[in-house]
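Chain residues, written in single-letter form:
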Amino acid sequence: MSIHFTVSELTRNLFHSLGLDHERAPRPLNPEENLLLECYLAGQIPESAWSDYVFETPDLARHAEVRRLSH
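Residues numbered from 1 in each chain as written. Predicted model: local features only at pLDDT ≥ 70, side-chain atom pairs only at ≥ 80, totals over all residues. Heavy atoms only, no water.

Caption draft 1: The overall build of the protein, seen in detail. Helices and strands together make up the secondary structure of the protein, namely 4 helices and 0 strands. The order of helices and strands in the protein, counted from the N terminus, is α-α-α-α. Expressed as a percentage of the 71 residues in the protein, the buried residues total 20%. Contacts in the protein between residues at least 24 apart in sequence constitute 49% of all its contacts with a sequence separation of at least 6. About 5,800 Å² of surface is accessible on the protein, with carbon and sulfur atoms providing 59% of the total. (Helix = DSSP H or I, 4+ residues; strand = E, 2+ residues; numbered from the N terminus. Buried < 20%, exposed > 50% of the residue type's maximum accessible area, 1.4 Å probe, protein only. Contact = heavy atoms within 4.5 Å. Areas by Shrake-Rupley, 256 points an atom, 1.4 Å probe, with all protein chains shown as cover.)

Caption draft 2: Up close: the environment of Arg27. With respect to the secondary-structure elements, Arg27 resides in the loop between α1 (7-17) and α2 (31-41). Sequence separation of Arg27 and Leu60 is 33 residues, and the distance between their C-alpha atoms is 9.3 Å. Beyond its immediate sequence surroundings of up to four residues, Arg27 is in contact with Glu33, Thr57, Asp59 and His63. At 2.8 Å, the side chain of Arg27 forms a polar contact with the side chain of Glu33. (Polar contact = N/O pair within 3.5 Å; in protein donor to acceptor, adjacent residues only side chain to side chain.)

Caption draft 3: Examining α2 more closely. Looking only at α2, the buried set comprises Glu33, Leu36, Leu37 and Tyr40. Angularly, the buried residues of α2 cover 100° about the axis, an arc narrow enough to put them on a single face. In this structure, α2 carries Pro31 and Leu35 as exposed residues pointing more than 90 degrees from its buried face. Close packing links the buried residues of α2 with α3 (47-56) and α4 (59-70). The distance from a side-chain oxygen at the start of α2 to the backbone nitrogen of Glu32 is 3.0 Å, and the residue carrying that oxygen is Asn30. Of the residues flanking the end of α2, it is Gly43, one or two places downstream, whose phi is positive at about 85°. (Arc of directions from axis to C-beta.)

Put into structure tokens, the structure is as follows:
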């Protein structure tokens, strides 16, 4: 059995583990977007509506993912 990594994968993983990966870091949300995120995480926004919001503002999904991983 062998495991193969490319240098770019190792570098990307290192930057991500150090929190230096700006490519994946979502931009700060404005107050309205933050309220949408809080409502979604509280279960007040159905998935169908959330997918519409995420389609228009993909950073919402990134923030939701970060919040889920941190809890």
